[in-house]
Amino acid sequence: MKITVVGTGYVGLVTGTCLSEIGHTVTCIDIDQDKVNKMRSGQSPIYEPGLDELMKKNIQEKRLFFTTNHKEGFSGVEVIYIAVGTPEKEDGSANLSFVEQVGKDIAANVERDVIVVTKSTVPVGTNDWIKKVIERNLVHNVKVDIVSNPEFLREGAAIYDSFNGDRIVVGADNEDAANRIEEINKPFGIPVFKTDIRSAEMIKYAANAFLATKISFINEISNICEKVGANVEAVANGMGQDNRIGSQFLNAGIGYGGSCFPKDTKALVQIAGNVEYDFELLKGVIHVNRKQQEILLNKLNERFESLEGKKVAVLGLAFKPNTDDMREAASIVITKHLIEKGANVAAYDPVAMENAKKVIDSKVHYVSNTTEALKDADVALILTEWNEFKDLEIGTFEENMKQSVIFDGRNCYDPKIVENYHVEYHSMGRPSVKNSKLVNVG
Ligand SMILES: NC(=O)C1=CN([C@@H]2O[C@H](COP(=O)(O)OP(=O)(O)OC[C@H]3O[C@@H](n4cnc5c(N)ncnc54)[C@H](O)[C@@H]3O)[C@@H](O)[C@H]2O)C=CC1
Ligand SMILES: O=C(O)[C@H]1O[C@H](OP(=O)(O)OP(=O)(O)OC[C@H]2O[C@@H](n3ccc(=O)[nH]c3=O)[C@H](O)[C@@H]2O)[C@H](O)[C@@H](O)[C@@H]1O
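Residues numbered from 1 in each chain as written. Chains lettered and ligands numbered in written order. Predicted model: local features only at pLDDT ≥ 70, side-chain atom pairs only at ≥ 80, totals over all residues. Heavy atoms only, no water.

Enquirer: I'd like to hear about the UniProt feature "domain: UDP-glucose/GDP-mannose dehydrogenase C-terminal" (unreviewed entry) in the chain, residue by residue, with values.
Expert: Within the UniProt annotation, "domain: UDP-glucose/GDP-mannose dehydrogenase C-terminal" (unreviewed entry) is assigned to residues 313-415. This span, residues 313-415, is 33% helix and 17% strand, and a straight line between its end C-alpha atoms measures 20 Å. (UniProt positions renumbered as here; feature names shortened; annotations may be inferred. Helix = DSSP H or I, 4+ residues; strand = E, 2+ residues; numbered from the N terminus.)

This is the structure:
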């Protein structure tokens, strides 16, 4: 099938590449010329494990093409996927201007009947609206069907998720269109769940909101664990063994970030508000998430009388491991606070440093590896659980730091192992390890 994907961000580029891998001929359109030049040479503009290789293969086999030209990209195409951003507006609602523009671009250029598939996460009712935008602006007399096909991939595991997802949701009011989208996806071998458009749109927000709720729930349990002397990891483990609860998304820490949970939870509160429903539970989830970063900072401020002139090693900047995405990363708020307190911040992330430089306080000093960050530091903060940090010998802290005080926002180490070293170790929802041999700290 001849398919065009509009928008080559984390979702569009992965979708386009994976659809070409299962045999379709895919053209990806983006308005960013630099990105398109890079992609044509088989280079992904984003860090996503396995993506470069898959792009190169499909470009070579002439199934994957890139352009900035909508007319060229829509020529003769039967199915168009919309995968542009739907970022958060100031009031928390979703900004649909990019989706609207794509609708107008489609209307101006399609010359045959098409199915328009919305991958972007959009509020309930948007697909009906976008269909009207297209129909209102059509230049040629063609039929347009619309299908909601929300995306559930995770950054850093996007290729794996595309081939191993739990379900593909297809929301359509036209059975033929739904069947054609099911057919396109058949080679993935993933169960297809067909429903109406509005339910499909809601499934995406409800799924993200539920996962965010799980995280905030375990974070609250974690905060209580600290006060009553329990260990949140053991608690999550014991809870998760109940199949009705499940063990995933129960990792306590400094909260969820990224391009989607923060914006989609706020958008769902807005969607509910628009129909005069106060989504109290979700408001609580959002509030708890903001608190988690403060909790880490409060612990740090209680531990040190002042951070003025202290060297703080920050390990990890990306919002999660295996991505260079800095959107809503906890490190943005935390490093800002450290700089305000007069600390000398040395930061290291395996892949996100270039993106970090665009959004993080300019006084942060970037270093090229973990040891350099830790060298003579007064305290180390772990903000992203990259394997590189999890695999670190605890002795590395001891050997390099001026005083080995660690605040681990992602529970990377087993406190039982840490006990064998001369370090002071604070994590989230677990008892702190304070080695008595430490002297002159604070
Ligand atoms: N990032 C993720 O992991 C996931 C994102 N989503 C949703 O997918 C959508 C896309 O998200 P991302 O890929 O993260 O966005 P992104 O911001 O990384 O990429 C969007 C791309 O669209 C391009 N673009 C904007 N207007 C255009 C136009 N008129 N024509 C052609 N290209 C245009 C931009 O240049 C950019 O490259 C959002 O609605 C998001 O909520 C859903 C699941 C996962
Ligand atoms: O709509 C989206 O964009 C995507 O949002 C998330 O994917 P993603 O944001 O890439 O990453 P996750 O692995 O879900 O992690 C999100 C955040 O939650 C945090 N998290 C995750 C799990 C956990 O147990 N604890 C926790 O704090 C992570 O550190 C990270 O900051 C969802 O998992 C995807 O299904 C969805 O498609």
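Enquirer: Mind laying out the pairing of strand 1 (residues 2-6), listing which residues take part and the relevant values?
Expert: Counting buried positions along strand 1 yields four of five residues, so the element is predominantly enclosed. You can see the chain leave strand 1, run along helix 1 (residues 10-21) and come back into strand 2 (residues 25-29), and the turn it takes is right-handed. Of the pairings in the sheet, the one linking strand 1 to strand 4 (residues 79-82) comprises four bridges and is parallel in character. Of the residues in strand 4, the one forming a bridge with Val6 is Ile82. (Buried < 20%, exposed > 50% of the residue type's maximum accessible area, 1.4 Å probe, protein only. Right-handed = clockwise from strand over helix to strand, strands pointing away. Pairing = 2+ DSSP bridges.)

Enquirer: So, the sheet that holds strand 9 (residues 311-315): which residues are in play, and what are the values?
Expert: Taken together, the seven strands give an open sheet; going across it, the order is 11-10-9-12-13-14-15, and neighbouring strands pair in mixed fashion. What marks the edges here is a single partner per strand, and that holds for strand 11 (365-366) and strand 15 (433-434). Both strand 10 (residues 344-348) and strand 11 contribute to a ladder of two bridges, which runs parallel. Its bridge partner being in strand 11, Ala347 is matched across the sheet by Tyr366.

Enquirer: So what's going on with the UniProt feature "active site" (unreviewed entry) in the chain? Which residues, and what values?
Expert: With numbering aligned to this structure, UniProt lists the feature "active site" (unreviewed entry) at Cys260. In this structure, Cys260 sits in the loop between helix 10 (232-240) and helix 11 (261-274). Taking relative accessible area as the criterion, Cys260 reaches 28% and is therefore assigned partly exposed.

Enquirer: So what's going on with the side chain of Gln292? Which residues, and what values?
Expert: Topologically, Gln292 is positioned in helix 12 (residues 280-303). The buried category is assigned to Gln292, whose relative accessible area is 0%. For Gln292, the residues in contact, after removing those within four places along its chain, are Asn219, Asn223, Gly253, Ile254, Gly255 and Met428. (Contact = heavy atoms within 4.5 Å.)

Enquirer: Could you give an account of the environment of Gly165, with specific residues and numbers?
Expert: Checked against the element boundaries, Gly165 lands in the loop between helix 7 (158-164) and strand 7 (168-172). Here the alpha-carbon distance between Gly165 and Ile295, two residues 130 residues apart in the chain, equals 34 Å.

Enquirer: I'd like a description of helix 6 (residues 126-137), backed by residues and values.
Expert: For helix 6, with twelve residues, the first-to-last C-alpha span of 16 Å sits near the 16 Å given by 1.5 Å per residue. Taken as a whole, helix 6 has its buried residues at Thr126, Asn127, Ile130, Val133 and Ile134. Burial along helix 6 is one-sided: seen end-on, the buried residues are contained in an arc of 115°. Exposed side chains of helix 6 directed beyond 90 degrees from the buried face belong to Lys132 and Arg136. Contacts made by the buried residues of helix 6 are with strand 4, helix 5 (97-109), strand 5 (114-118), strand 6 (144-148) and helix 9 (197-228). (Expected span 1.5 Å × (residues − 1). Arc of directions from axis to C-beta.)

Enquirer: I'd like a description of the packing of aromatic side chains, backed by residues and values.
Expert: Under the defined criterion, the tally for this structure stands at six aromatic pairs. Taken together, a centroid distance of 5.8 Å and an interplanar angle of 85° make the contact between Tyr256 and Phe261 edge-to-face. Under the relative-accessibility criterion, Tyr256 is labelled buried at 7%. You can call Phe261 buried: its relative accessible area is 14%. Consider the rings of Phe397 and Tyr413, whose centres lie 5.9 Å apart with planes at 75°: the pair is edge-to-face. Highlighted residues: Phe397 in helix 17 (residues 395-400) and Tyr413 in the loop between strand 13 (405-408) and helix 18 (415-418), separated in sequence by 16 residues. Over the aromatic face of Phe304 sits the side chain of Arg303, whose NZ or CZ is 4.9 Å from the ring centroid. (Phe/Tyr/Trp six-rings, centres within 6.5 Å; stacked < 30°, edge-to-face > 60°. Lys NZ or Arg CZ within 6 Å of the ring centre and 35° of its normal.)

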